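Architecture and fold: a report
Listed below, chain by chain, are the residues.
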Amino acid sequence: NDELTLEYRVLSYGHNQYLMIVRDITQLKQLEQIRKDFVANVSHELRTPLTVLQGYLEVMEPEQLPQAAIWQKAHTVMLEQTKRMDALVQQLLTLSRIEAATKVQFDEKVDVPAMLAMLEQEAQSLNREKQHQIEFLIEAGLCINGITDELRSAFSNLITNAIKYTPPGGHIKVSWQRQHHKAVFSVQDNGDGIAPQHVKRLTERFYRVDQARTRATGGTGLGLAIVKHVLQRHNSKLMIFSEPKHGSTFSFSLPLEPVREAKTPKLKIKT
Ligand code: ADP
(Lines give C-alpha, C1' and ligand atoms only; values in the text may rest on other atoms or scores of the structure.)
Protein backbone atom coordinates (compact mmCIF):
# COMPACT_ATOMS: atom_id res chain seq x y z
CA ASN A 1 0.00 0.00 0.00
CA ASP A 2 1.01 3.62 -0.51
CA GLU A 3 0.75 4.74 3.12
CA LEU A 4 3.60 6.81 4.46
CA THR A 5 4.99 6.49 7.97
CA LEU A 6 6.25 9.82 9.25
CA GLU A 7 8.15 10.65 12.40
CA TYR A 8 7.77 14.14 13.90
CA ARG A 9 10.03 16.01 16.28
CA VAL A 10 9.33 19.50 17.55
CA LEU A 11 12.25 21.48 18.89
CA SER A 12 11.90 24.70 20.70
CA TYR A 13 14.57 27.27 20.29
CA GLY A 14 14.22 30.74 21.61
CA HIS A 15 11.06 32.59 22.54
CA ASN A 16 7.97 31.23 20.72
CA GLN A 17 10.13 29.70 18.04
CA TYR A 18 9.75 26.10 17.12
CA LEU A 19 11.27 23.83 14.58
CA MET A 20 9.40 20.78 13.37
CA ILE A 21 11.42 17.98 11.81
CA VAL A 22 9.48 15.46 9.77
CA ARG A 23 11.23 12.29 8.74
CA ASP A 24 9.88 9.76 6.25
CA ILE A 25 10.53 6.37 7.89
CA THR A 26 8.32 4.32 5.54
CA GLN A 27 11.20 2.35 4.09
CA LEU A 28 12.73 1.77 7.51
CA LYS A 29 9.41 0.36 8.76
CA GLN A 30 9.05 -1.85 5.69
CA LEU A 31 12.56 -3.26 6.17
CA GLU A 32 11.80 -3.92 9.81
CA GLN A 33 8.63 -5.79 8.80
CA ILE A 34 10.56 -7.85 6.21
CA ARG A 35 13.13 -8.77 8.86
CA LYS A 36 10.41 -9.76 11.36
CA ASP A 37 8.58 -11.86 8.73
CA PHE A 38 11.84 -13.54 7.79
CA VAL A 39 12.66 -14.55 11.37
CA ALA A 40 9.10 -15.78 11.87
CA ASN A 41 9.25 -17.84 8.66
CA VAL A 42 12.60 -19.43 9.46
CA SER A 43 11.42 -20.36 12.95
CA HIS A 44 8.22 -21.85 11.59
CA GLU A 45 10.02 -23.82 8.86
CA LEU A 46 12.49 -25.30 11.36
CA ARG A 47 9.89 -25.96 14.01
CA THR A 48 7.70 -28.19 11.87
CA PRO A 49 10.30 -30.92 11.18
CA LEU A 50 11.64 -30.60 14.73
CA THR A 51 8.19 -31.30 16.17
CA VAL A 52 7.94 -34.45 14.05
CA LEU A 53 11.39 -35.64 15.14
CA GLN A 54 10.59 -34.95 18.78
CA GLY A 55 7.31 -36.84 18.50
CA TYR A 56 9.04 -39.98 17.23
CA LEU A 57 11.88 -39.77 19.72
CA GLU A 58 9.46 -39.42 22.61
CA VAL A 59 7.70 -42.70 21.83
CA MET A 60 10.99 -44.55 21.50
CA GLU A 61 11.91 -45.58 25.00
CA PRO A 62 15.66 -46.12 25.18
CA GLU A 63 15.26 -49.36 27.22
CA GLN A 64 12.97 -51.11 24.79
CA LEU A 65 13.70 -51.34 21.11
CA PRO A 66 10.61 -50.33 19.15
CA GLN A 67 8.86 -52.90 17.03
CA ALA A 68 10.43 -53.32 13.60
CA ALA A 69 7.45 -51.81 11.71
CA ILE A 70 7.29 -48.71 13.86
CA TRP A 71 11.03 -48.34 13.75
CA GLN A 72 11.04 -48.54 9.97
CA LYS A 73 8.39 -45.83 9.61
CA ALA A 74 10.08 -43.66 12.25
CA HIS A 75 13.43 -44.04 10.52
CA THR A 76 12.00 -42.95 7.14
CA VAL A 77 10.19 -39.95 8.58
CA MET A 78 13.10 -38.82 10.73
CA LEU A 79 15.50 -39.06 7.79
CA GLU A 80 13.09 -37.09 5.59
CA GLN A 81 12.66 -34.34 8.18
CA THR A 82 16.38 -34.12 8.87
CA LYS A 83 17.04 -33.75 5.13
CA ARG A 84 14.43 -31.03 4.98
CA MET A 85 16.08 -29.07 7.76
CA ASP A 86 19.46 -29.57 6.15
CA ALA A 87 18.17 -28.28 2.78
CA LEU A 88 16.66 -25.25 4.50
CA VAL A 89 19.82 -24.38 6.39
CA GLN A 90 21.94 -24.87 3.24
CA GLN A 91 19.69 -22.55 1.24
CA LEU A 92 19.61 -19.95 4.01
CA LEU A 93 23.40 -19.97 4.05
CA THR A 94 23.54 -19.61 0.26
CA LEU A 95 21.08 -16.73 0.37
CA SER A 96 22.91 -14.88 3.12
CA ARG A 97 26.28 -15.45 1.40
CA ILE A 98 24.95 -14.02 -1.86
CA GLU A 99 23.27 -11.09 -0.14
CA ALA A 100 26.32 -10.23 1.95
CA ALA A 101 28.74 -10.15 -0.98
CA THR A 102 27.83 -7.02 -2.87
CA LYS A 103 30.87 -6.59 -5.06
CA VAL A 104 30.94 -8.85 -8.08
CA GLN A 105 34.10 -9.53 -9.98
CA PHE A 106 33.27 -10.86 -13.39
CA ASP A 107 36.64 -12.39 -13.95
CA GLU A 108 35.53 -16.01 -13.98
CA LYS A 109 34.85 -17.54 -17.36
CA VAL A 110 31.86 -19.83 -16.89
CA ASP A 111 31.65 -22.80 -19.23
CA VAL A 112 27.86 -22.95 -19.21
CA PRO A 113 27.52 -25.80 -21.77
CA ALA A 114 29.72 -28.05 -19.58
CA MET A 115 27.78 -27.02 -16.48
CA LEU A 116 24.44 -27.73 -18.15
CA ALA A 117 25.69 -31.15 -19.31
CA MET A 118 26.26 -32.05 -15.64
CA LEU A 119 22.90 -30.61 -14.63
CA GLU A 120 21.26 -32.66 -17.39
CA GLN A 121 22.53 -35.85 -15.77
CA GLU A 122 21.29 -34.70 -12.36
CA ALA A 123 17.93 -33.80 -13.88
CA GLN A 124 17.58 -37.24 -15.45
CA SER A 125 18.20 -38.99 -12.15
CA LEU A 126 15.73 -36.68 -10.38
CA ASN A 127 13.26 -37.44 -13.17
CA ARG A 128 13.10 -41.19 -12.60
CA GLU A 129 9.81 -41.04 -10.74
CA LYS A 130 8.12 -38.37 -12.84
CA GLN A 131 9.14 -39.76 -16.25
CA HIS A 132 9.04 -36.37 -17.98
CA GLN A 133 10.45 -35.92 -21.39
CA ILE A 134 13.35 -33.52 -20.80
CA GLU A 135 15.02 -31.86 -23.75
CA PHE A 136 18.27 -29.87 -23.48
CA LEU A 137 19.10 -27.49 -26.36
CA ILE A 138 22.55 -26.15 -25.58
CA GLU A 139 24.60 -23.99 -27.91
CA ALA A 140 28.16 -25.32 -27.87
CA GLY A 141 30.94 -22.96 -26.83
CA LEU A 142 28.56 -20.32 -25.48
CA CYS A 143 30.46 -19.18 -22.38
CA ILE A 144 30.00 -16.06 -20.28
CA ASN A 145 31.66 -14.17 -17.45
CA GLY A 146 30.18 -14.55 -14.01
CA ILE A 147 30.34 -16.53 -10.79
CA THR A 148 30.32 -20.27 -11.44
CA ASP A 149 28.77 -21.52 -8.18
CA GLU A 150 26.05 -18.91 -8.12
CA LEU A 151 25.04 -19.46 -11.73
CA ARG A 152 24.98 -23.23 -11.19
CA SER A 153 22.55 -22.78 -8.33
CA ALA A 154 20.32 -20.50 -10.47
CA PHE A 155 20.22 -22.97 -13.41
CA SER A 156 19.73 -25.92 -11.08
CA ASN A 157 16.86 -24.32 -9.12
CA LEU A 158 14.88 -23.53 -12.26
CA ILE A 159 15.39 -27.00 -13.78
CA THR A 160 14.52 -28.74 -10.49
CA ASN A 161 11.36 -26.65 -10.10
CA ALA A 162 10.16 -27.56 -13.59
CA ILE A 163 10.58 -31.25 -12.73
CA LYS A 164 8.91 -30.88 -9.30
CA TYR A 165 5.94 -28.78 -10.35
CA THR A 166 5.00 -30.58 -13.55
CA PRO A 167 2.67 -33.57 -13.22
CA PRO A 168 4.20 -36.93 -14.30
CA GLY A 169 4.81 -37.48 -17.99
CA GLY A 170 5.26 -33.79 -18.76
CA HIS A 171 7.49 -32.09 -21.28
CA ILE A 172 10.36 -29.85 -20.21
CA LYS A 173 12.61 -27.86 -22.52
CA VAL A 174 15.86 -26.35 -21.24
CA SER A 175 17.71 -24.04 -23.58
CA TRP A 176 20.87 -21.96 -23.65
CA GLN A 177 21.15 -19.99 -26.88
CA ARG A 178 22.77 -16.88 -28.29
CA GLN A 179 20.40 -14.00 -29.07
CA HIS A 180 22.18 -10.95 -30.52
CA HIS A 181 24.80 -9.90 -27.95
CA LYS A 182 23.30 -11.97 -25.15
CA ALA A 183 23.04 -15.57 -24.02
CA VAL A 184 19.54 -16.60 -23.02
CA PHE A 185 18.68 -19.38 -20.60
CA SER A 186 15.15 -20.69 -20.41
CA VAL A 187 13.25 -23.56 -18.85
CA GLN A 188 9.84 -24.26 -20.26
CA ASP A 189 7.39 -26.77 -18.81
CA ASN A 190 3.85 -27.82 -19.57
CA GLY A 191 2.90 -28.15 -15.91
CA ASP A 192 0.08 -26.60 -13.90
CA GLY A 193 1.15 -23.03 -14.53
CA ILE A 194 0.85 -20.22 -12.00
CA ALA A 195 -1.92 -17.62 -11.63
CA PRO A 196 -0.83 -13.96 -12.21
CA GLN A 197 -1.40 -12.92 -8.58
CA HIS A 198 1.19 -15.49 -7.48
CA VAL A 199 3.69 -14.87 -10.30
CA LYS A 200 4.71 -11.46 -9.01
CA ARG A 201 5.41 -12.81 -5.51
CA LEU A 202 7.30 -15.98 -6.42
CA THR A 203 10.77 -14.60 -5.75
CA GLU A 204 9.87 -13.55 -2.19
CA ARG A 205 11.50 -15.71 0.43
CA PHE A 206 9.26 -18.57 1.56
CA TYR A 207 6.52 -17.69 -0.91
CA ARG A 208 4.84 -20.79 -2.26
CA VAL A 209 1.73 -21.05 -4.38
CA ASP A 210 0.37 -24.00 -2.47
CA GLN A 211 2.01 -24.21 0.95
CA ALA A 212 0.97 -27.75 1.81
CA ARG A 213 1.64 -29.31 -1.58
CA THR A 214 4.99 -27.67 -2.19
CA ARG A 215 6.20 -28.50 1.31
CA ALA A 216 5.35 -32.10 0.53
CA THR A 217 7.62 -31.91 -2.55
CA GLY A 218 10.50 -31.02 -0.23
CA GLY A 219 10.74 -27.39 -1.31
CA THR A 220 12.10 -24.75 1.05
CA GLY A 221 10.47 -21.75 -0.64
CA LEU A 222 13.88 -20.11 -1.01
CA GLY A 223 14.93 -21.36 -4.46
CA LEU A 224 13.56 -18.47 -6.52
CA ALA A 225 14.73 -15.89 -3.95
CA ILE A 226 18.24 -17.25 -4.50
CA VAL A 227 17.81 -17.10 -8.30
CA LYS A 228 16.64 -13.49 -8.04
CA HIS A 229 19.68 -12.43 -6.00
CA VAL A 230 22.15 -14.30 -8.19
CA LEU A 231 20.71 -12.60 -11.26
CA GLN A 232 20.69 -9.18 -9.60
CA ARG A 233 24.39 -9.60 -8.95
CA HIS A 234 24.89 -10.47 -12.62
CA ASN A 235 22.89 -7.42 -13.76
CA SER A 236 20.09 -9.61 -14.98
CA LYS A 237 16.47 -10.28 -14.11
CA LEU A 238 14.27 -13.35 -13.92
CA MET A 239 11.39 -13.32 -16.41
CA ILE A 240 8.38 -15.51 -15.66
CA PHE A 241 5.67 -16.28 -18.19
CA SER A 242 2.98 -18.59 -16.97
CA GLU A 243 -0.44 -19.64 -17.98
CA PRO A 244 -2.57 -21.66 -15.56
CA LYS A 245 -3.19 -25.20 -16.86
CA HIS A 246 -0.69 -24.72 -19.71
CA GLY A 247 2.70 -24.34 -18.09
CA SER A 248 5.45 -21.87 -17.31
CA THR A 249 8.65 -20.48 -18.76
CA PHE A 250 11.38 -19.09 -16.53
CA SER A 251 14.14 -17.26 -18.39
CA PHE A 252 16.96 -14.73 -18.10
CA SER A 253 19.70 -13.33 -20.27
CA LEU A 254 23.35 -12.64 -19.59
CA PRO A 255 25.68 -10.42 -21.60
CA LEU A 256 28.22 -12.12 -23.84
CA GLU A 257 31.32 -10.23 -22.87
CA PRO A 258 34.78 -11.31 -23.85
CA VAL A 259 36.75 -12.60 -20.88
CA ARG A 260 38.86 -9.76 -19.59
CA GLU A 261 42.52 -10.53 -19.18
CA ALA A 262 43.94 -9.68 -15.79
CA LYS A 263 45.63 -6.37 -16.38
CA THR A 264 49.02 -5.50 -15.00
CA PRO A 265 48.97 -1.85 -14.02
CA LYS A 266 51.19 0.27 -16.18
CA LEU A 267 53.69 2.37 -14.28
CA LYS A 268 54.30 5.86 -15.49
CA ILE A 269 57.62 7.15 -14.34
CA LYS A 270 57.94 10.89 -14.24
CA THR A 271 61.42 12.25 -14.52
P1 ADP B 1 10.37 -24.28 -3.43
O2 ADP B 1 11.58 -24.62 -2.66
O3 ADP B 1 9.09 -24.34 -2.65
O4 ADP B 1 10.30 -24.98 -4.73
P5 ADP B 1 10.89 -21.82 -4.94
O6 ADP B 1 11.27 -20.48 -4.41
O7 ADP B 1 11.88 -22.51 -5.83
O8 ADP B 1 10.55 -22.69 -3.68
O9 ADP B 1 9.51 -21.68 -5.70
C10 ADP B 1 8.46 -20.96 -5.09
C11 ADP B 1 7.11 -21.49 -5.53
O12 ADP B 1 6.90 -21.20 -6.91
C13 ADP B 1 6.98 -23.01 -5.44
O14 ADP B 1 6.64 -23.40 -4.13
C15 ADP B 1 5.88 -23.30 -6.46
O16 ADP B 1 4.62 -23.08 -5.86
C17 ADP B 1 6.10 -22.21 -7.51
N18 ADP B 1 6.83 -22.70 -8.71
C19 ADP B 1 8.16 -22.59 -8.95
N20 ADP B 1 8.48 -23.12 -10.15
C21 ADP B 1 7.33 -23.55 -10.71
C22 ADP B 1 6.98 -24.18 -11.95
N23 ADP B 1 7.89 -24.47 -12.87
N24 ADP B 1 5.67 -24.47 -12.17
C25 ADP B 1 4.71 -24.17 -11.24
N26 ADP B 1 4.98 -23.58 -10.05
C27 ADP B 1 6.26 -23.27 -9.78
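Details of the structure are given in the entry above.
What comes next is a walk through the structure. Just so we're clear, the structure is a prediction, and the values are computed from it rather than from any experiment.

Okay, the site of the ligand next. Near the ligand you find 19 residues, and of these Asn161, Tyr165, Thr220, Gly221 and Leu224 are the closest. One of the side-chain nitrogen or oxygen atoms of Asn161 is found 2.9 Å away from an oxygen atom of the ligand. At 3.1 Å from an oxygen atom of the ligand is found a main-chain nitrogen or oxygen belonging to Val209. Computed on the free molecule, the ligand has an accessible area of 540 Å², of which 96% lies beneath the protein chains in the complex. Within the residue set of the shell around the ligand, elements represented by two or more residues are α4 (148-164), α7 (223-233) and β9 (247-255). Per-element tally for the shell around the ligand: the top contributor is α4, with three residues.

Turning our attention to the packing of α4 against α7. Contact geometry of α4 with α7 gives a least axis separation of 9 Å together with a crossing angle of 140°. Overall, the two elements α4 and α7 adopt an arrangement that is oblique. Judged by the sense of rotation from one axis to the other, the crossing of α4 with α7 is left-handed. For the pair formed by α4 and α7, the contact residues are Glu150, Leu151, Ser153, Ala154, Asn157, Leu158 and Asn161 on the first element and Gly223, Leu224, Ile226, Val227, Val230 and Arg233 on the second.

As a further point, take the environment of Glu108. Position of Glu108 relative to the elements: it lies in the loop between α2 (68-100) and β3 (109-110). For Glu108, a relative accessible area of 34% corresponds to the partly exposed category. In this structure the C-alpha to C-alpha distance between Glu108 and Phe155, which are 47 residues apart in sequence, comes to 17 Å. Discounting residues that sit within four places of it in the chain, Glu108 has contacts with Ile144, Asn145, Gly146, Ile147 and Thr148.

Taken in spatial order, the five strands of this open sheet run β4-β6-β7-β9-β8, and their pairing is mixed. Two strands close off the open sheet at either side, each with one partner strand: β4 (133-138) and β8 (239-243). Within the sheet, the average angular offset between the axes of one strand and its neighbour, ignoring direction, is 10°. Pairing between strand β7 (residues 182-189) and β9: eight bridges, direction antiparallel. Residue pairing for β9: Ala183 is matched across the bridge by Leu254.

Moving on: the nonpolar core. Membership of the largest hydrophobic core comes to 45 residues, with the highest contact counts inside it found for Phe155, Leu158, Ile159, Trp176, Phe185 and Leu238. Of all the secondary structure elements, the ones that give two or more residues to this core are α2, α3 (112-126), β4, α4, β6 (171-179), β7, α7 and β9. Broken down by element, this core gets its largest block of residues, seven residues, from α4. Non-local contacts of Phe155, meaning those with residues more than four positions away in its chain, are made with Val112, Met115, Leu116, Leu119, Trp176, Phe185 and Phe252. The next biggest cluster of nonpolar side chains, apart from the first, holds seven residues, and it includes Leu53, Tyr56, Ala74 and Met78.

How each quantity is defined
- Residues numbered from 1 in each chain as written.
- Predicted model: local features only at pLDDT ≥ 70, side-chain atom pairs only at ≥ 80, totals over all residues.
- Heavy atoms only, no water.
- Near = heavy atom within 4 Å.
- Polar contact = N/O pair within 3.5 Å; in protein donor to acceptor, adjacent residues only side chain to side chain.
- Areas by Shrake-Rupley, 256 points an atom, 1.4 Å probe, with all protein chains shown as cover.
- Helix = DSSP H or I, 4+ residues; strand = E, 2+ residues; numbered from the N terminus.
- Axes fitted to C-alpha atoms, helices over the stretch in contact; angles between N-to-C directions.
- Parallel < 35°, antiparallel > 145°, perpendicular 65-115°, else oblique.
- Left-handed = near helix turned anticlockwise from the far one by under 90°.
- Contact = heavy atoms within 4.5 Å.
- Buried < 20%, exposed > 50% of the residue type's maximum accessible area, 1.4 Å probe, protein only.
- Pairing = 2+ DSSP bridges.
- Core = buried A, V, L, I, M, F, W, Y, C linked by side-chain atoms within 4.5 Å.

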